Amino acid sequence: MKAIFAISFSFLLAFQSVGIGIQDIFSIGKLVQHAQYHSENYGDDFFTFVQKHYGTEKENHQEPEHEELPFQHISCQHVLTDVVIVSLDITLPKVETNIPQSHKFYYQNLYCSLEKISIFQPPKFA
């Protein structure tokens, strides 16, 4: 099962890197039908058909139904990123502020009673 997923994702990645989409794959039937039409009516072989629709003769052979053929879209899916490093020398003025601070903390020895009180104490001389 992992092999099937790996192979299908690798084909998807390869097709997308070339620019082939799902719509192009589904419309290959229209490409075959139109190639048969050209073969019957104009006597074109497959390479002449490809040259008329995708090659150098594309400009001379324009018809409205050619827009439905696959691989006709032009798209650029590149992402350009520029990183510009600008050094800014900003000097901030030093401002001294005298805010009176009142320290309100103190220490309480909460454990002193545990150390000093003992049941057994030595006798005391008076």
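Our structure is the block above this text.
Attention in this report is confined to the structure presented alongside it.

Rules used throughout
The residue count restarts for each chain, going from 1 along the sequence in the order it is written. Since the coordinates come from a predicted model, pLDDT governs what is reported: local features require at least 70, and pairs of side-chain atoms require 80 or more to be given and counted, while whole-chain, interface and lining totals use all residues. The side-chain figures draw on all heavy atoms in the structure; neither hydrogens nor water molecules are used. Whenever a helix is involved, its axis is fitted only over the stretch in contact; in every case the axis is a line through C-alpha atoms, and angles between N-to-C directions fall within 0 to 180 degrees. Put simply, DSSP H or I for four residues or longer makes a helix, DSSP E for two residues or longer makes a strand, and each gets a number counted from the N terminus. Note that the term roughly parallel is reserved for angles under 35 degrees, roughly antiparallel for angles over 145, roughly perpendicular for angles of 65 to 115, and oblique for everything else. Left-handed is the label given to a crossing in which the near helix is rotated counterclockwise from the far helix by less than a right angle, and right-handed is the label when the rotation is clockwise. Residues count as neighbours in contact if any of their non-hydrogen atoms are within 4.5 Å of one another. Each residue is assigned to one of three groups, with Ala, Val, Leu, Ile, Met, Phe, Trp, Tyr, Cys and Pro labelled nonpolar, Asp, Glu, Lys and Arg labelled charged, and all others, Gly among them, labelled polar. Residues forming no salt bridge and having over 30% relative accessible area are the ones grouped into patches, like charges within 9 Å of each other and nonpolar side chains (Val, Leu, Ile, Met, Phe, Trp, Tyr) within 5 Å. Per-residue and other accessible areas follow the Shrake-Rupley method at a 1.4 Å probe size, with only the shown protein chains counted as cover for residues. When a carboxyl oxygen of Asp or Glu lies within 4 Å of a side-chain nitrogen of Lys or Arg, that pair is called a salt bridge. The classification of residues rests on relative accessible area computed with a 1.4 Å probe and restricted to protein chains. Under 20% of the type maximum is buried, over 50% is exposed, and intermediate values are partly exposed. To estimate the expected span of a helix, subtract one from its residue number and multiply by 1.5 Å. As used here, the arc belongs to the directions running from the helix axis to the C-beta atoms. In this scheme Phe, Tyr and Trp rings, the latter by its six-membered ring, pair at centre separations within 6.5 Å, and the angle between planes marks the pair as stacked below 30 degrees, edge-to-face above 60, and tilted otherwise.

1. Comments concerning the packing of helix 3 (residues 28-41) against helix 4 (residues 46-54)
At step 1: The contact between helix 3 and helix 4 brings their axes to 10 Å, and the two run at 110°. With respect to helix 4, the element helix 3 is oriented roughly perpendicular. Note that helix 3 runs across helix 4; the crossing there is right-handed. Taking contact as the criterion, the partners of Leu31, His34, Ala35 and His38 in helix 3 are, on helix 4, Phe46, Phe49, His53 and Tyr54.
At step 2: Partitioned by chemical class, the residues of the contact of helix 3 with helix 4 number five nonpolar, three polar and no charged.

2. Observations concerning a nonpolar patch on the surface
At step 1: Together, Ile7, Phe11, Phe15, Ile22, Ile25, Phe26, Ile28, Val32 and Phe71 give the surface a local cluster of nonpolar side chains, amounting to about 860 Å² of exposed area.
At step 2: Broken down by secondary-structure element, the contributors of at least two residues to the nonpolar patch are helix 1 (2-18), helix 2 (22-26) and helix 3.
At step 3: Here Ile28 shows up in helix 3.

3. A look at the pattern of salt bridges
At step 1: Tallying each qualifying case throughout the model produces one salt bridge.
At step 2: Ionic pairing is found between Lys52 and Asp44, a salt bridge with its closest N-O pair at 2.7 Å. Taken as a pair, Lys52 and Asp44 share a single burial class, namely buried.

4. A short note on helix 3
At step 1: In this model helix 3 runs 20 Å from its N-terminal to its C-terminal C-alpha over 14 residues, within 8% of the 20 Å that 1.5 Å per residue would give.
At step 2: Within helix 3 the residues assigned to the buried category are Leu31, His34, Ala35 and His38. The buried side chains of helix 3 occupy one side of the element, clustering within an arc of 105° when seen end-on. When the buried face of helix 3 is taken as reference, the exposed residues oriented beyond 90 degrees from it are Gln33 and Glu40.
At step 3: For helix 3, the elements touching its buried residues are helix 4.

5. What about the packing of aromatic side chains?
In this description, a pair of aromatic rings is defined by centroid distance and the angle of the planes.
At step 1: Counted according to the given criterion, the structure contains four aromatic pairs.
At step 2: Consider the rings of Phe5 and Phe9, whose centres lie 6.4 Å apart with planes at 20°: the pair is stacked. Of the two residues, Phe5 and Phe9 both sit in helix 1, four residues apart, roughly one turn of that helix.
At step 3: What makes Phe5 partly exposed here is its relative accessible area of 45%.
At step 4: A residue is classified by how much of its surface remains accessible, and Phe9, at 53% relative accessible area, is exposed.
At step 5: Judged by centre distance (6.3 Å) and plane angle (90°), the ring pair of Tyr37 and Tyr42 falls under edge-to-face.

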